[in-house]
Amino acid sequence: MNRKLLFWLSGVLVVFTILILLVELHSEHYYKKEILEARLEIYADLVARTINGSTANEAEKVIKMMPGEVRVSIILPQGKVVYDTQADIDSLENHLARPEVTACLENSDHGCIIRKSETSGDKYIYYAKNYGGFIVRTALPFRLSRRFLLRPDFVMIMATAFLFMLAVLAIFVISKRFSTEAQQYTTRSLRQQKHQMTNNIAHELRTPVTSIRGYLETLVNNPGIDAEHRSLFLKRAYTQTLRLSELIRDISLITKMEEAPQLLSTEYMGLRPVVDEVLEEFSGEFETHGIKVCNNIKEELSFKGNRSLIYALYRNLVENSLRYAGCGITIELNGSGSADGFIHLTYCDNGPGVPPECLERIFERFYRIGGESFPGSGLGLSIVRNAVLFHGGQIRASSLEPHGLRFDFELRDE
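Here is a short report on the structure shown in this document. (Residues numbered from 1 in each chain as written. Predicted model: local features only at pLDDT ≥ 70, side-chain atom pairs only at ≥ 80, totals over all residues. Heavy atoms only, no water.)

Turning to the overall build of the chain, a few remarks are in order. A count of helical and extended segments in the chain gives 11 helices and 12 strands. In the chain, which comprises 414 residues, the share counted as buried stands at 44%. Put simply, of all contacts in the chain between residues at least 6 apart along the chain, 64% involve residues at least 24 apart. For the chain, the accessible area works out to roughly 22,100 Å², and carbon and sulfur atoms hold 56% of it. (Helix = DSSP H or I, 4+ residues; strand = E, 2+ residues; numbered from the N terminus. Buried < 20%, exposed > 50% of the residue type's maximum accessible area, 1.4 Å probe, protein only. Contact = heavy atoms within 4.5 Å. Areas by Shrake-Rupley, 256 points an atom, 1.4 Å probe, with all protein chains shown as cover.)

What follows covers the sheet that holds strand E5 (residues 135–141). Strand order in the open sheet formed by 5 strands is E2-E1-E5-E4-E3, and the pairing between neighbours is antiparallel. Two strands lie at the open edges of the sheet, namely strand E2 (81–84) and strand E3 (110–116), each paired on one side alone. Within the sheet, the average angular offset between the axes of one strand and its neighbour, ignoring direction, is 20 degrees. Pairing of E3 with strand E4 (residues 123–130), which is carried by 7 bridges, proceeds in the antiparallel orientation. Looking at the pairing, Ile114 lines up with Ile125 of E4. On the sheet, helix H3 (residues 99–107) packs against strand E1 (71–75), E3, E4 and E5 and is oriented at approximately 165 degrees with respect to E3. (Pairing = 2+ DSSP bridges. Axes fitted to C-alpha atoms, helices over the stretch in contact; angles between N-to-C directions.)

Across the interface, helix H8 (residues 271–281) lies against helix H10 (residues 307–324) with an axial gap of 9 Å and an inter-helix angle of 45 degrees. Accordingly, the angle class assigned to the pair H8 and H10 is oblique. When you trace H8 past H10, the crossing you get is right-handed. Residues Leu271, Val274, Val275, Glu277, Val278, Leu279 and Glu281 of H8 touch H10, and the partners they reach there are Arg307, Ile310, Tyr311, Tyr314, Arg315 and Val318. Considered class by class, the residues forming the contact of H8 with H10 number 9 nonpolar, no polar and 4 charged. (Parallel < 35°, antiparallel > 145°, perpendicular 65-115°, else oblique. Left-handed = near helix turned anticlockwise from the far one by under 90°. Nonpolar A, V, L, I, M, F, W, Y, C, P; charged D, E, K, R; others polar.)

Counting 43 residues, the largest nonpolar core has Leu271, Tyr314, Leu317, Phe407 and Phe409 as its most contacted members. Listed by contribution, the elements that provide at least two residues to this core are H8, H10, strand E9 (330–336), strand E10 (342–349), helix H11 (380–390), strand E11 (395–399) and strand E12 (405–412). When residues in this core are grouped by element, the largest group, 8 residues, is from H10. When neighbours within four sequence positions are excluded, Leu317 is seen to be in contact with Tyr347, Leu381, Val384, Phe407 and Phe409. By size, the runner-up hydrophobic cluster in this structure holds 26 residues, among which are Leu40, Ile125, Phe134 and Ile225. (Core = buried A, V, L, I, M, F, W, Y, C linked by side-chain atoms within 4.5 Å.)

What follows deals with the pairing of E2. Relative to E2, E1 runs antiparallel, the two sharing 3 bridges. Bridging from a neighbouring strand, Ile74 pairs with Tyr83 of E2. In textbook terms, the turn of a hairpin is the stretch between consecutive antiparallel strands, and for E1 and E2 this stretch comprises 5 residues, one of which, Gly79, has a positive phi near 100 degrees.

We now examine empty space enclosed by the protein. Left-over empty space is what a probe sized like a water molecule reveals as it rolls over the atoms. According to the stated counting rule, one finds 2 cavities of 30 Å³ or more in the structure shown. A volume near 50 Å³ is recorded for the largest cavity. Around the largest cavity, the lining residues are Arg71, Leu92, His95, Arg98, Arg115, Ser117, Glu118, Thr119, Tyr126 and Arg137. Partitioned by chemical class, the residues of the lining of the largest cavity number 2 nonpolar, 3 polar and 5 charged. (1 Å grid on protein atoms, 1.4 Å probe; cavity = no way out; pocket = protein on both sides within 12 Å on 5 of 7 lines; lining within 4 Å. Points joined across faces, edges and corners; volume = space filled by probe spheres on them.)

Here we come to the side chain of Asp84. Secondary-structure assignment places Asp84 in strand E2. In terms of polar contacts, Asp84 uses its side chain to reach the backbone amide nitrogen of Gln86, at 2.8 Å. Here Ala87 takes part through its backbone nitrogen, which lies 3.0 Å from a polar atom of the side chain of Asp84. Those residues in contact with Asp84 that lie beyond four places of it in its chain are Arg71, Val72, Ser73, Ile89, Leu92 and Arg137. (Polar contact = N/O pair within 3.5 Å; in protein donor to acceptor, adjacent residues only side chain to side chain.)

Structure follows, in structure tokens:
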């Protein structure tokens, strides 16, 4: 029996590894383009800022500080090339028909194309961005070698390795939740669940890591960069680290609730003081965005629960309102005891609300109504649901008329 189990587990591990490798090989082209596009945008912004505030000679000095393989062209809106790092501008034809320039002008913003260079015949990724009076086009060789992508300094490599190990650890802990379900599902369904989790967490971690890497690599490769740009890139990298920290915090909390609830202690406590503490934390943002808060939770409400989870529950509800409900809204909190052994609570705001077809999905992990363009980790309402389940209750979301979102939930009153 033990040999069969070991053989089965080994087979699952091999298949799972093969699936991951196939996904990575299939996605390499896409993710490499994403990384290089972010890097080329930074170079283009740096050139544009230098052109706007410096002489031509100073602009050329900044361009020469970039890696030697970076090609920079400055193009007028009519398509005339007025500067190029690798070719004589007199020998260059009009670039108005270049795909990246055409896309840039059509979008009135930027265009990114992978194609062969008509000058050298090599494959390049071109990024063109419109700055009004001129277009800056940057380019890098588009090679399929992973070594090209993993070339930054040792510190960044170690940081990336650490984050990967953290993701693997999170996947391992979260996967324990499915140990009981594995007896009820086939091997195929188990592989699909693990594969989906891996893609979700890996993708969520990849986005901030890619941004941080791009900004820091620019600073490392350009030690002579001016103080203004250094400060700008450091601030942007810091913003992405905050997003990464939030994601790791949420994964850790939801994992602890689902996989090790016995480690969470409980105590008798009043609900109103915890909620007041959450509201105090966000008081500055309420004032900035003109948000009115009506806390109608009764002072005498008390129950046995975990204070950290209750705090996280209300913190995530408030963050959800701040991120998606907009300015000038009203948030209302209500709570009362009941003879059925539960404390009945509501939380609502009069923001734009949620489409009816999305109400059943908003508690799912990594689900965001607006997709990846919306802020947050996509775990906030999943944490809310698990915190309610830990306290023996259920939570429901509903729409308000004419607009708004309401949460009804209860906590067991022991």
